[in-house]
Amino acid sequence: MSVDQLSQGRKEEMAEVSNAAKTPQGPIQVPTRLLMGPGPTTAHPRILTAQALPLLGHMHPPFIHIMDEIKEGLRYMFQTESPYTLMISGTGHAGMEAAIANLLEPGEKIIVGVNGIWGERVADLAERYQGDVIQLKADPGKTFSIAELKAAVAQHKPAILFLVQGESSTGTHQALGDGLGEACKAAGTLLVVDTVASLGGVPLFADNWGIDCIYSGSQKCLSGPPGAAPFFMSQRAVDKLKGRKTKPATYNLDLNLIADYWGWFKPARSYHHTGVVSTFYAMREALAIVGEEGLPAMWARHLAAHQLLWKGLRELGLQPYVPDVKDRLVTVNTIKVPEGVDWAALCKDAMDTYAVEIAGGLGPSIGKVWRVGVMGFNARPMAVEQVLTAFRHGLAKQGYKQPAAAAGKSEL
Ligand SMILES: Cc1ncc(COP(=O)(O)O)c(C=O)c1O
């Protein structure tokens with residue numbers, strides 16, 4: 001074919017372009033909202049600024065330096081000395097799938113703690129990777145006792161015990177200490193934990209608690225944009241990964257390959273995928289902000305915001321969905337919808353009147369609760385007071401009468 005013939009062909013193709021579908025018109029419009037649902041939470045302005053910096057190549061030395069800073073920052077975040085930390089390019093679900101796809105081999109047993117939708121999803125995911133799934137169930141709003149978890153591990157000796165630290169669909173906080181990690185080690189079990197809705201908001205000690213694999217999300221207590229999942233593996237988990245009899249049934253999330261992009265096993269880096277450059281900038285900045293505040297202060301700030309929220313909610317006569325105070329998650333709060341109140345109308349009023357996001361339930365809590373997140377940048381009095389104002393207004397609009405016994409009551 002001659003160059004002229006090629007040009008003629010291209011001209012004919014150009015004439016065929018259809019304009020039936022329109023591209024977006026004009027500059028993007030994004031309203032300002034206070035995100036007080038289960039996530040994403042309002043991003044920290046400094047993180048958004050970092051995200052807007054010029055792109056670097058995903059293998060350029062200055063970018064590799066940023067990746068190294070992230071690995072180090074994550075060691076602080078997870079409280080570990082393990083060199084095996086990285087960010088998965090993808091949201092919390094990508095972290096979830098990376099954990100299961102890489103640590104479970106076909107036919108192996110996995111015990112999944114199911115007390116909300118995240119356990120349900122992991123059970124589904126583990127089945128897809130041909131695991132022998134044992135579901136350990138607790139009622140929504142309840143958690144598992146360490147004794148029952150230890151007993152289940154001793155009985156089944158699974159390859160993995162999976163737990164969700166912060167069950168954001170029901171608002172529960174799963175305890176992970178008290179020798180659970182040692183019991184898993186003794187049974188040859190890897191302890192895998194979802195911290196998407198809890199990392200940075202509540203204490204977590206990967207090494208001291210003997211956790212083997214943790215994934216999280218960037219858009220909750222880290223106040224970043226969604227799109228990158230903090231990830232950790234212990235030496236035991238890495239040994240399992242390296243000793244697999246079969247390749248993980250995913251290329252995209254194969255940690256043997258991703259590890260070589262992050263320099264886990266050797267200093268030289270190799271290309272696996274194009275890292276989410278701007279989101280990694282954001283995460284580098286998020287970790288710097290965490291370091292400046294310090295984890296103890298950050299955890300205390302989240303607890304104080306949670307307590308302030310419940311003081312106000314109790315004064316309105318509202319009740320927690322999670323009965324036992326020790327099981328209540330600080331970061332994502334589940335609030336019972338009183339008889340006769342339209343939960344969706346209240347969410348709509350909060351958005352329309354105050355531009356405040358209040359979410360409804362998810363999975364087992366649909367129609368039963370509101371979910372309010374006090375996470376990251378929004379775990380502060382100004383944001384909590386705005387959400388309380390939206391509740392006061394929305395409830396009054398529906399003619400809600402506060403129960404007499406609750407008037408003025410403010411205990412947690
Ligand atoms: C506890 C928990 N796990 C996993 C996820 C999934 O994360 P993502 O939506 O970032 O994929 C979420 C999201 O809300 C979550 O709260």
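Residues numbered from 1 in each chain as written. Predicted model: local features only at pLDDT ≥ 70, side-chain atom pairs only at ≥ 80, totals over all residues. Heavy atoms only, no water.

Concerning the side chain of aspartate 327
Short version of the rule: Each helix is a run of DSSP H or I of at least 4 residues and each strand a run of E of at least 2, with the numbering of both proceeding from the N terminus. Each residue is placed in one exposure class: buried if its accessible area under a 1.4 Å probe, protein chains only, is under 20% of its type's maximum, exposed if it is over 50%, and partly exposed if it falls in between. Any two residues whose heavy atoms approach within 4.5 Å at even a single point are treated as in contact.
Looking at where aspartate 327 falls in the secondary structure, it is placed in the loop between α11 (295-315) and β11 (332-336). Overall, the relative accessible area of 6% leaves aspartate 327 in the buried class. In this structure, aspartate 327 is in contact with Gly141, Lys142, Thr143, Gly171, Thr172, His173 and Val322, ignoring residues within four places of it in sequence.

Overview of the domain arrangement of the protein chain
Stated precisely, the cut-off is as follows: Segmentation of the chain into domains, including their bounds, is taken from an automatic or database domain assignment. By buried area we mean the combined loss of accessible area, with a 1.4 Å probe, across both parts when two parts are placed together. Every case where a carboxyl oxygen of Asp or Glu lies within 4 Å of a side-chain nitrogen of Lys or Arg is listed as a salt bridge. For the purposes of these results, a polar contact is taken to be a pair of N or O atoms within 3.5 Å, where, inside protein, one atom must be able to donate a hydrogen and its partner to accept one; residues adjacent in sequence count only when each atom of the pair is a side-chain atom. Each residue is assigned to one class: nonpolar for Ala, Val, Leu, Ile, Met, Phe, Trp, Tyr, Cys and Pro, charged for Asp, Glu, Lys and Arg, and polar for all the others, Gly among them.
When cut into domains, the protein chain gives domain 1 (45-292) and domain 2 (294-399). On a C-alpha basis, the centroid separation for the pair domain 1 and domain 2 is 27 Å. Taken together, the 33 residues of domain 1 in the interface contact 25 residues of domain 2. Regarding the contact of domain 1 and domain 2, the summed buried area is about 2200 Å², with carbon and sulfur atoms giving 66% of it. For the interface between domain 1 and domain 2, the tally reads zero salt bridges. Remark: the boundary between domain 1 and domain 2 carries twelve residue pairs in polar contact (both at pLDDT 80 or more). Secondary-structure elements contributing two or more residues to the side of domain 1 that touches domain 2 are α3 (61-78), α5 (117-128), β6 (166-167), β7 (172-173) and α10 (277-293). Ranked by residue count, the leading element in the side of domain 1 that touches domain 2 is α10, at three residues. Counted by class, the side of domain 1 that touches domain 2 contains 13 nonpolar, 16 polar and four charged residues.

Here we look at the site of the ligand
Test applied: One heavy atom within 4 Å of a molecule or strand is enough for the residue carrying it to be called near that molecule or strand. For accessible areas, the Shrake-Rupley method is used with a probe of radius 1.4 Å. Any residue's cover is judged against the shown protein chains and nothing else.
In the vicinity of the ligand, the contacting residues are Thr91, Gly92, His93, Met96, Trp118, Gly166, Ser168, Asp194, Val196, Ala197, Gln219 and Lys220. The side chain of lysine 220 places a nitrogen or oxygen atom 2.5 Å from an oxygen atom of the ligand. Across the complex, the protein chains shield 88% of the 390 Å² of accessible surface that the ligand would expose by itself. Looking at the shell around the ligand, the element that brings in the most residues is helix α4 (residues 92-103), giving three residues. Classifying every residue of the shell around the ligand gives four nonpolar, six polar and two charged.

Here's the deal with the UniProt feature "binding site: substrate" (unreviewed entry) in the protein chain
Defined as follows: UniProt positions are given in the numbering used here, feature names are shortened, and annotations may be inferred rather than shown by experiment.
UniProt marks Arg371 with the feature "binding site: substrate" (unreviewed entry), using the numbering shown here. One can find arginine 371 in strand β14 (residues 369-373). Under the relative-accessibility criterion, arginine 371 is labelled buried at 6%.

Side note on the nonpolar core
As a reminder, the rule being used: Nonpolar core, defined: a set of buried Ala, Val, Leu, Ile, Met, Phe, Trp, Tyr and Cys residues in which side-chain atoms within 4.5 Å join the residues together.
The biggest cluster of nonpolar side chains holds 96 residues, and the ones touching the most others in it are Ile88, Phe231, Met233 and Trp262. Residues lining this core come from more than one domain, with at least three contributed by each of domain 1 (45-292) and domain 2 (294-399). What tryptophan 262 contacts, discounting residues up to four positions off in sequence, is Met67, Ile70, Lys71, Leu86, Met87, Arg269 and Phe280. Listed in part, the 28 residues of the second largest apolar core include Leu318, Val374, Ala379 and Val384.

A look at the packing of aromatic side chains
Under the convention used in this document: The criterion for an aromatic pair is that two Phe, Tyr or Trp rings (for Trp, the six-membered ring) have centres within 6.5 Å, with stacked assigned to planes under 30 degrees apart, edge-to-face to planes over 60 apart and tilted to the rest. Think of it as a cone above the ring: NZ of Lys or CZ of Arg counts as a charge over the ring if it is within 6 Å of the ring centre and within 35 degrees of the ring normal.
The final tally for this structure, using the stated rule, is twelve aromatic pairs. Ring geometry for tryptophan 370 and phenylalanine 391: centres 5.2 Å apart, planes at 80°, overall edge-to-face. Here phenylalanine 391 lies in helix α13 (residues 381-397) and tryptophan 370 lies in strand β14, a separation of 21 residues in the sequence. Assessed through its relative accessible area of 0%, tryptophan 370 is described here as buried. Grouped by ring-pair contacts, the aromatic residues Phe63, Tyr261, Trp262, Phe280 and Tyr281 constitute a single cluster. Of note, lysine 242 hangs over the ring of phenylalanine 265, and the distance from its end group to the ring centre comes to 4.0 Å. Here the guanidinium or amino end of arginine 380 rests over the ring plane of phenylalanine 377, the centre of that ring lying 4.3 Å away.

Re the UniProt feature "modified residue: N6-(pyridoxal phosphate)lysine" (unreviewed entry) in the protein chain
Per the UniProt record, the feature "modified residue: N6-(pyridoxal phosphate)lysine" (unreviewed entry) sits at Lys220. Its location among the elements puts lysine 220 in the loop between β9 (213-215) and β10 (228-233). Once residues within four sequence positions are removed from consideration, lysine 220 is found in contact with Pro38, Gly39, Thr41, Val196, Ala197, Met375 and Gly376.

So, the sheet that holds β14
Worth spelling out the cut-off: In this analysis, strands are considered paired if DSSP registers two or more bridges between them. Between the N-to-C directions of two axes lies an angle of 0 to 180 degrees, each axis being a line fitted to C-alpha atoms and, for a helix, fitted only over the stretch in contact.
Ordered in space as β11-β14-β13, the three strands form an open sheet in which the pairing is antiparallel. The sheet is open, and its two edges are formed by β11 and β13 (359-360), each paired on a single side. The sheet contacts of α11 involve β11 and β14, and relative to β11 the element is tilted by about 10°.

Quick word on the pairing of strand β3 (residues 109-114)
Heads up, the condition is: When the strands point away from the viewer and the connection leading from the first strand across the helix to the second strand turns clockwise, the crossover is called right-handed.
Where burial is concerned, most of β3 is hidden: five out of the six residues are buried. Once the chain exits β3 it traverses α5 before rejoining the sheet at strand β4 (residues 132-137), and the crossover so formed is right-handed. Pairing of β3 with strand β5 (residues 160-164), which is carried by three bridges, proceeds in the parallel orientation. Bridging from a neighbouring strand, isoleucine 111 pairs with leucine 161 of β5.

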